[in-house]
Amino acid sequence: MRDIYHLLDKSYPEFQHLSDEELAESADTYAGAVFAINSALQLIGNLALDATESEGYSGDDALRDIDLISNVLRHLPRMMQALNNCSQSAEYVRMDRLKAGGQK
């Protein structure tokens, strides 16, 4: 089974055909997604902590939530890495163009 990272990750050649505006928008979009995933991971941790401290939280609820959390935690970190790499790659292409003095 292929890792989700390899399906999401884009590299320098894949960004070269984009305009400067598209590169800036892509870098911002990918960075925003990274921030959202990081926030989701923090939220999951907070909710898990709150659930363990709640008296009305049943064992069945806990098993359901642990299953959901495990599915999220299995994929989100690698997705975050791929999206972060895409953001950095898009920004690199944009900065490379600025250094070269050309715009597309």
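These remarks concern the structure in this document. Going along each chain's sequence as written, the residues are numbered from 1 onward. A pLDDT threshold of at least 70 governs which residues receive local features in this predicted model, and a stricter bar of 80 or more applies before side-chain atom pairs are shown or counted, although totals over entire chains, interfaces and linings include all residues. Side-chain measures were taken over the full set of non-hydrogen atoms in the model, leaving aside hydrogen atoms and water.

## Quick notes on helix 3 (residues 20–52)
Every α-helical turn comprises 3.6 residues, leaving residues that sit three or four positions apart pointing alike. Helix length check: helix 3, at 33 residues, gives a terminal C-alpha distance of 48 Å against a target of 48 Å (1.5 Å per residue), a fit within 8%. Categorising residues by exposure relies on relative accessible area from a 1.4 Å probe, with only protein chains included: less than 20% of the type maximum marks a residue as buried, more than 50% marks it as exposed, and the intermediate range marks it as partly exposed. In DSSP terms, a helix is any run of H or I states spanning at least four residues, a strand is any run of E spanning at least two, and both are numbered starting from the N terminus. Listed in full, the buried residues belonging to helix 3 are D20, L23, S26, A27, Y30, V34, I37, I44 and A51. Buried residues in helix 3 make contact with helix 2 (12–15) and helix 4 (59–100). In a helix, the anticipated span is given by 1.5 Å times the number of residues less one. Should any heavy atoms of two residues lie within 4.5 Å, those residues are counted as being in contact.

## Focus: helix 4
For helix 4, spanning 42 residues, the distance from its first C-alpha to its last is 61 Å, which sits close to the expected 62 Å at 1.5 Å a residue. Two axes define the bend at a residue: one fitted to the seven residues ending there, one fitted to the seven starting there, and the bend is the angle between them. The sharpest bend along helix 4 comes to roughly 30°, located at L76, with the proline P77 sitting one to four residues further on. For helix 4, the complete set of buried residues consists of D65, L76, A82, L83, C86, S87, S89, A90, V93 and R97. Of the residues one or two after helix 4, G101 is the one with positive phi, at around 85°.

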